[in-house]
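# Inside the fold
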Amino acid sequence: MKAAFLPDRGVVKVAGADARTFLNGLLTSDVTQATPAAAKFAALLTPQGKIVVDCIVAEAPAEDGGGLFLDCPRALAQDFARKLNFYKLRAKATVEDLSETLGVMGIWDGAGDTEYALVYSDPRVPTLGQRAILPSNLATKAADDLGATLVDASEYEAHRIALGVPRGGLDFIYGDAFPHETDMDQLNGVDFNKGCYVGQEVVSRMEHRGTARTRIVPYAAAVHSPDVGVAVMAGDKQIGTTGSAAGTCGLAMLRLDRYADALADGTPITAGGIALTPGKPQWARFDWPSGQASS
């Protein structure tokens, strides 16, 4: 089993009698169903349906004080808390950015529990493993308690990338991407049966009309992977942009209709002069150009 403290993650806590219903009226998932045993992947959207911030909502057990912890990008945690407080109005809830004292650890290649952290399964893809919210100075003790080897965060990044799971800020730009484009609809991040939330109309329309032509997908590079933000080309036509990478594996946001045209024409796919072979993640359910295997 491996564990890595993730310095890019922060923690916002929402507590109080109305915490659950308050968050449920804002986020894309049904957080009323969040329990200590089942975290939820969700996002706060703009009214136009684009992602402001994504997060994993984990509930602390009542005996540990309860409350909902939002495992989110640390760079956005303070602004996330500010936005939630803006929406709070008369709701009986408190919102705190606890990122100075609490952080997040990823755990994979095994499972366990520890008294030093709030441990929960990653709700996006089972093979991502578990996550834990804990004080950063207890990471070593928590890993020992779990029976895990504490490794560098770069190993967790390679694990995430190999599974084809996007990371905001690298694989897409906050404020400029719809949930479907970042595969949130495939990763249990959008509940299409719950009540209203900010940006719901746009997201529901994309789902029911099937208009999501852009997706983040993994690729295999012929040599080393290109840098983040390099144009993915089909001949002289741009069809996407590269995101995070580890070795010869990476992620890219692609227009799948343009990729299908390139396949039909036999046009090679490149980024920065490097040949790429895009693939469909094993967990994905969206349509994929025929003749290509899943990755």
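On a predicted model such as this, the values are computed, not experimentally measured, just so you know.

## What about the overall build of the protein chain?
- Across its full length, the protein chain holds six helices and 16 strands.
- Expected size for 295 residues packed as a compact globule is a radius of gyration near 19 Å; at 19 Å, the protein chain falls within 12% of this value.
- Its C-alpha atoms put the protein chain at 60 × 45 × 25 Å along the principal axes.
- The buried share of the protein chain, taken over its 295 residues, is 53%.
- Counted over contacts in the protein chain with a minimum sequence separation of 6, partners at least 24 positions apart contribute 68%.

## Thoughts on empty space enclosed by the protein
- For the structure on display, the rule yields one cavity of 30 Å³ or more.
- Here the largest cavity is characterised by a volume of approximately 50 Å³.
- Considering the residues around the largest cavity, the lining is formed by Phe41, Asp54, Arg124, Val165, Pro166, Phe172, Thr182, Met184 and Leu187.
- Residue classes in the lining of the largest cavity are distributed as six nonpolar, one polar and two charged.

## Notes on helix H5 (residues 200–209)
- Three or more residues of H5 are buried, namely Gln200, Val202, Val203, Ser204 and Met206.
- Phi for Gly210, located one or two positions after H5, is positive at around 65°.

## Brief notes about the environment of Trp283
- Tracing the backbone shows Trp283 in the segment after strand E16 (274–278).
- When its relative accessible area of 17% is taken as the criterion, Trp283 is described as buried.
- Placed 206 residues apart in sequence, Trp283 and Ala77 show a C-alpha to C-alpha distance of 28 Å.
- Beyond its immediate sequence surroundings of up to four residues, Trp283 is in contact with Val125, Leu163, Gly164, Val165, Asp183, Gln186 and Leu187.
- Among the polar contacts made by the side chain of Trp283, one reaches the main-chain carbonyl oxygen of Leu163 at a distance of 2.7 Å.

## Quick notes on the sheet that holds strand E5 (residues 68–73)
- Pairing is antiparallel across the open sheet formed by five strands, whose spatial order is E3-E4-E5-E2-E6. If you trace the sheet from one side to the other, it starts and ends with strand E3 (40–45) and strand E6 (94–97), each paired once. Each strand axis lies, on average, 30° off the axis of its neighbour in the sheet, ignoring direction.
- As paired strands, strand E2 (residues 9–15) and E5 are joined by six bridges and run antiparallel to one another. Among the inter-strand pairings, Val14 is bridged to a residue of E5, identified as Leu68.
- Running at roughly 135° to E5, helix H2 (residues 74–88) makes contact with E2, E3, strand E4 (51–59), E5 and E6 of the sheet.

Procedures and definitions
- Per chain, residue numbering runs from 1 following the sequence as it is written.
- Since the coordinates come from a predicted model, pLDDT governs what is reported: local features require at least 70, and pairs of side-chain atoms require 80 or more to be given and counted, while whole-chain, interface and lining totals use all residues.
- With hydrogens and water set aside, each side-chain value is computed from the structure's full complement of heavy atoms.
- Helix and strand assignments come from DSSP, with helices taken as H or I runs of at least 4 residues and strands as E runs of at least 2, each series counted from the N terminus.
- Computation of the radius of gyration draws on C-alpha atoms alone. For the globule rule, the value is 2.2 Å times the number of residues to the power 0.38.
- Categorising residues by exposure relies on relative accessible area from a 1.4 Å probe, with only protein chains included: less than 20% of the type maximum marks a residue as buried, more than 50% marks it as exposed, and the intermediate range marks it as partly exposed.
- In what follows, residue pairs with any heavy atoms lying within 4.5 Å of each other are defined as contacts.
- A pocket, in this scheme, is an open set of points on a 1 Å grid over the protein atoms alone with protein on both sides within 12 Å along at least 5 of 7 lines, while a cavity is a set where a 1.4 Å probe fits but cannot get out; residues line either one if an atom lies within 4 Å of a point.
- Grid points are joined across faces, edges and corners, and a volume is the space filled by probe spheres set on the points.
- Nonpolar residues are Ala, Val, Leu, Ile, Met, Phe, Trp, Tyr, Cys and Pro. Charged residues are Asp, Glu, Lys and Arg, and all others, Gly as well, are polar.
- As used in this structure description, the phrase polar contact means that two N or O atoms lie within 3.5 Å; if the pair is within protein, one of them must be able to donate a hydrogen and the other to accept it, and residues adjacent in sequence are counted only when both atoms belong to side chains.
- At least two DSSP bridges between two strands are required for those strands to pair.
- A fitted line through C-alpha atoms serves as each axis, taken over the contacting stretch for helices, and the angle formed by two N-to-C directions is quoted from 0 to 180°.

Function cannot be inferred from these measures alone, as they are strictly geometric.
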